Amino acid sequence: MTLSLDSIAVPDLHPDAPLSTRKARLSDIEAIHELIGYWAARGLMLVRSRALLAETIRDFHLYLASAHAGHPGGLAGVCGLHMLAPDLAEVRGLAIHPAMQGRGLGKKLVEACEQEAREIALPALFAWTYQQGFFEKCGFVRIDKTNLHPKVWSECQRCAFFENCNEIAMFRELGSGN
């Protein structure tokens, strides 16, 4: 799917806006779709359909920016934890509003997913990414994508880039004490 950069807009958030966090709601689908679409249109992540977002809405953690200094409030960041197997979940859909870059929101969202995984005693996480360095800072290591769980590949078959995937596979063990 090709997206036009002109067709993707995100609200004009103030970079110093106060933030709050919560799990996503169905009413957040459009804002999540726009933010992910903003970065997908720039080739930095894969687009997610509204239908897929609706199916997986309970996976997502959000940062919301309050209206501040004449700027509207809105979605500052999103990241999901998607269960794939009893021993593996994917950290997916990580997107930070361009005005909110550099505030550590991406790392905090990945940590929220990691905390949720630990609460259910999940032993490992993985992520598909174009941002290897970021995930390394979050404790992930690059792995050969051929070593991924078969359930990962069943998810990948729905992707338009399945035959020509250039995303990097990252993995993180969560064993006790990590």
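Residues numbered from 1 in each chain as written. Predicted model: local features only at pLDDT ≥ 70, side-chain atom pairs only at ≥ 80, totals over all residues. Heavy atoms only, no water.

### Details of the overall build of the chain
So, step 1. Tallying secondary structure elements over the chain gives five helices and seven strands in all.
So, step 2. N-terminal to C-terminal, the α/β element order of the chain is β-α-α-β-β-β-α-β-α-β-α-β.
So, step 3. Going through the 178 residues of the chain one by one, you find that 44% of them count as buried.
So, step 4. Considering only residue pairs separated by 6 or more positions, the chain has 72% of its internal contacts joining residues 24 or more positions apart.
So, step 5. Total accessible area computed for the chain in this model is approximately 9,300 Å², and 53% of it derives from carbon and sulfur atoms. (Helix = DSSP H or I, 4+ residues; strand = E, 2+ residues; numbered from the N terminus. Buried < 20%, exposed > 50% of the residue type's maximum accessible area, 1.4 Å probe, protein only. Contact = heavy atoms within 4.5 Å. Areas by Shrake-Rupley, 256 points an atom, 1.4 Å probe, with all protein chains shown as cover.)

### Thoughts on the pairing of strand β3 (residues 74–85)
So, step 1. Here β3 lies mainly inside the structure; 11 of its 12 residues are buried.
So, step 2. One ladder, built from six bridges, connects strand β2 (residues 60–65) with β3; its direction is antiparallel. Paired with Y63 across the bridge in β3 is G77.
So, step 3. One ladder, built from seven bridges, connects β3 with strand β4 (residues 88–96); its direction is antiparallel. Pairing of H82 across the sheet is with E90, part of β4.
So, step 4. With antiparallel pairing between neighbouring strands as the criterion, β3 and β4 make up a hairpin whose turn holds two residues. (Pairing = 2+ DSSP bridges.)

### Brief notes about the side chain of T129
So, step 1. Structurally, the position occupied by T129 is in strand β5 (residues 124–129).
So, step 2. A relative accessible area of 6% means that T129 is categorised as buried.
So, step 3. Polar contacts involving the side chain of T129 include one to the main-chain amide nitrogen of Q131, which spans 2.7 Å.
So, step 4. Setting aside anything within four residues of it in sequence, one finds T129 in contact with F135, E167, I168 and M170. (Polar contact = N/O pair within 3.5 Å; in protein donor to acceptor, adjacent residues only side chain to side chain.)

### Examining the packing of aromatic side chains
So, step 1. Considering all chains together, one arrives at four aromatic pairs under this definition.
So, step 2. Taking 4.8 Å as the distance between ring centres and 90° as the angle between the ring planes, the aromatic pair formed by Y38 and W39 counts as edge-to-face.
So, step 3. With a relative accessible area of 16%, W39 lands in the buried category.
So, step 4. Judged by centre distance (6.1 Å) and plane angle (85°), the rings of F126 and W128 are edge-to-face.
So, step 5. On the basis of relative accessibility, which here comes to 1%, the residue F126 falls in the buried class.
So, step 6. When its relative accessible area of 12% is taken as the criterion, W128 is described as buried.
So, step 7. Of the aromatic side chains, those joined through ring pairs into one cluster are F134, F135 and F140. (Phe/Tyr/Trp six-rings, centres within 6.5 Å; stacked < 30°, edge-to-face > 60°.)

### Looking at the sheet that holds strand β7 (residues 168–173)
So, step 1. Pairing in this open sheet of seven strands is mixed, and the strands run β1-β2-β3-β4-β5-β7-β6 from one edge to the other. Only two strands of the sheet have a single partner each, and these edge strands are β1 (19–23) and β6 (141–143). Across the sheet, the mean angle from the axis of one strand to that of its neighbour is 25°, orientation sign disregarded.
So, step 2. Running at roughly 90° to β3, helix α1 (residues 29–40) makes contact with β2, β3 and β4 of the sheet.
So, step 3. Strands in contact with helix α3 (residues 105–119) are β1, β2, β3, β4, β5 and β7; relative to β3, the strand with the most contacts, it is inclined by about 35°. (Axes fitted to C-alpha atoms, helices over the stretch in contact; angles between N-to-C directions.)

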